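# Overview (structure and organization)
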Amino acid sequence: MKGNFLRSSPLWISAAALASIGAIGAAMLMWRPAIAPIERPRTFDAAQLQRGARVVEAGDCAVCHTRPGGQYMAGGLPLVTPFGTLYSTNITPDPQTGLGQWSLPAFERAMREGIARDGHFLYPAFPYVHYRRMSEDDIADAYAYLMSGPAVNSPAMQNHMNFPMNIRPLVSFWNLLFLHAKPLTPVAQQSEAWNRGRYLVEGPGHCAGCHSPLNLIGAEKSGESLAGGEVDGWEAPSLLGMARRTNPWSTEQLVHYLRAEVVDGHGTAAGPMRPVSLSLARLPVSDAEAIAEYLLSLQTRAAITEIQPGAGNVETLDQTSGALLFASACAGCHAPAAPMREIDGRPGLDRTSALQAPSARNFLKTVLEGVPAMPGVPGPVMPPFAASLDNVQLIALASYLRQQARPDQPWTELSSTIEAIRQETK
Amino acid sequence: MTQVTLNVNGSAHALELEPDMPLLYALRNHLGLNGAKYGCGLGQCGACTVIVDDKPVFSCVTPCAGLEGKKVRTVESLGSAERPGPLQKAFIDKQAAQCGYCIAGMLMRAQSLLESNPHPDEQTIREHMAGNLCRCGTHLRIIEAISLVAGQNGSAT
């Protein structure tokens, strides 16, 4: 026995050594130092603040960090993920509950590596995988702008993440797999506008955050960036090959769409894209033009096939009841002679992206939830119909309008899609 | 014409209606319930707001055809001129009506909020009421009236 033990002891020692190396490695991977707190800076350069406001708008910071009815940048917006619910945090310069004690290096580390000032790992719902591609100057300008705002004392809300994602250090393994993007360098052969557009799309704008399919652990699938995804129950359509679709986008249409306007041939931004487009509308028009130039240059990749409609269950078309429902609920605004169309240039429904899309999801979401009014911003408003139309009526209406838009391709699985959306929003 | 049975303010009514008739027209023209008003006819102003089951809807864009088996409530269900309900009384006490055209809709939207949340704060009231417009501009008094009932709900328990 004794000899046996002695003989095997080198094995034990090497196993123990390996285990401790592993433990140290894991600890190093999962541990980040705190960055010393600072006194909140009080003096700023006016020109830098102006630039910073533009960066913050391009980065859509307020879209997540301001909850409806809440104070600007004070956080508290729930983000429902497949792994639980997160709440956005306070990024006002409050020293206790916001960024007041953060130095610029601490802010830059958060933007590029997803680490808070005190060293804890931020969840990748905060799009540091994209923000890390931003320029040093833009990050410094955004920092100055955020630190100059009014401080709001608003403690972070308790997240409700499921095991094991409630253990923050595990994010380090996620980062190991997915945190690779390098800062963007301009492509010499392309125009200045194209490069600006690429920077806005791939960096601060983080379009791929919604417009890409996600893998099982919530990271954007590699090689399928901007190929379309789903967010808050809305379809975020593919941004590839937009110039060559059955219902193609022109530069002019896309610029107006990006700035929250109603566009003939496509409609207007709804759902989660609405606040994004309202942000873009506050930027110089040259930024929307740059984004349009870049996006329209993107081609569909061969590996990605567009969803082929046709397979699946087509509900029996009841065109009569659909037409009656349209007359009853929709015609006041959407009939050819409706004042909104004559006076305000609204497009016919058959030409909107929602009715041209392979999936009925965005059409149904728009009918159920409407396009809410934004306080202080003029723009289209559509009432929600969730309580006004039942599922049978929605199916009839969707079939009828799809028949007008794409008679060759009726939508499939309408009833299960409606049922799923009703469940999601309960 | 099509046969529709509407359950309004607790009573069932079998009606012969045009098949594309919105609820507002059935309420006003067939049932004589003239509380809900025609404002814009586009679901943008809220003067026609009634409650279906427990949700506020714009009756001008809600087809009658899908309402079989659902419970419709109009402002007439809240009380009468002689015996106003608590919310109606608060609107009178706070003098929330100027011309009064929007008030039936305001009352029903507010009623649906107070039924699901008896103690809403002012911010919640403002967000909930955002879909209903008053061209006279009495919104502040309307909010005061709803807050009054929200406060009474608190003291009653």
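One can find the structure itself at the top, above this paragraph.
The structure contained in this document is the topic of the report that follows. (Residues numbered from 1 in each chain as written. Chains lettered and ligands numbered in written order. Predicted model: local features only at pLDDT ≥ 70, side-chain atom pairs only at ≥ 80, totals over all residues. Heavy atoms only, no water.)

Moving on: the sheet that holds strand 4 (residues 55–58) of chain B. Residue and element names in this part refer to chain B. With mixed pairing, 5 strands are arranged side by side in an open sheet as 2-1-5-3-4. Among the strands making up the open sheet, the edge pair consists of strand 2 (11–17) and strand 4. When strand polarity is set aside, the average angle formed by the axes of neighbouring strands in this sheet is 40 degrees. With 2 bridges joining them, strand 1 (residues 2–8) and strand 5 (residues 71–73) adopt parallel strand pairing. (Pairing = 2+ DSSP bridges. Helix = DSSP H or I, 4+ residues; strand = E, 2+ residues; numbered from the N terminus. Axes fitted to C-alpha atoms, helices over the stretch in contact; angles between N-to-C directions.)

Right, let's talk about the pairing of strand 2 (residues 84–87) of chain A for a bit. Residue and element names in this part refer to chain A. Bridge count between strand 1 (residues 78–81) and strand 2: 4 bridges; the pairing is antiparallel. Bridge pairing in strand 2 places Pro78 opposite Tyr87. In this structure, the hairpin formed by strand 1 and strand 2 is closed by a connection of 2 residues.

What follows concerns the packing of aromatic side chains. Residues and elements named next belong to chain A. Counting across every chain of the model gives 9 aromatic pairs over all chains. Pairing Phe126 with Tyr128 gives two aromatic rings, centres 6.1 Å apart and planes at 45 degrees, and the pair type is tilted. Using a relative accessible area of 0% as the deciding quantity, one classes Tyr128 as buried. Members of the aromatic cluster, each reached through a chain of ring pairs, are Phe126, Tyr128 and Tyr131. (Phe/Tyr/Trp six-rings, centres within 6.5 Å; stacked < 30°, edge-to-face > 60°. Buried < 20%, exposed > 50% of the residue type's maximum accessible area, 1.4 Å probe, protein only.)

On to a nonpolar patch on the surface. Residue and element names in this part refer to chain A. A cluster of nonpolar residues, Leu177, Leu216 and Ile217, forms a patch on the protein surface that exposes about 340 Å² of accessible area. Topologically, Ile217 is positioned in the loop between helix 9 (208–211) and strand 4 (229–231). Judged by relative accessible area, which is 39%, Ile217 ranks as partly exposed. (Patch = residues over 30% accessible without salt bridge, like charges linked within 9 Å, V, L, I, M, F, W, Y side chains within 5 Å. Areas by Shrake-Rupley, 256 points an atom, 1.4 Å probe, with all protein chains shown as cover. Salt bridge = Lys/Arg side-chain N within 4 Å of Asp/Glu carboxyl O.)

Take the environment of A:Asp118 next. Residues and elements named next belong to chain A. Take Asp118: it is sitting in the loop between helix 4 (104–113) and helix 5 (128–131). Residue Asp118 is classed as partly exposed on the basis of its relative accessible area, which comes to 44%. Residues Asp118 and Ala34 lie 84 residues apart in sequence; the distance between their C-alpha atoms is 4.1 Å. Within the structure, Asp118 has its side chain in polar contact with the side chain of His120 (distance 2.8 Å). (Polar contact = N/O pair within 3.5 Å; in protein donor to acceptor, adjacent residues only side chain to side chain.)

Residues and elements named next belong to chain B. The contact between helix 2 (residues 86–93) and helix 3 (residues 103–116) brings their axes to 10 Å, and the two run at 125 degrees. When the axes of helix 2 and helix 3 are compared, the pair comes out oblique. Considering the relative orientation of helix 2 and helix 3, their crossing is right-handed. For the pair formed by helix 2 and helix 3, the contact residues are Leu87, Gln88 and Phe91 on the first element and Ile103, Met106, Leu107, Ala110, Gln111 and Leu114 on the second. (Parallel < 35°, antiparallel > 145°, perpendicular 65-115°, else oblique. Left-handed = near helix turned anticlockwise from the far one by under 90°. Contact = heavy atoms within 4.5 Å.)

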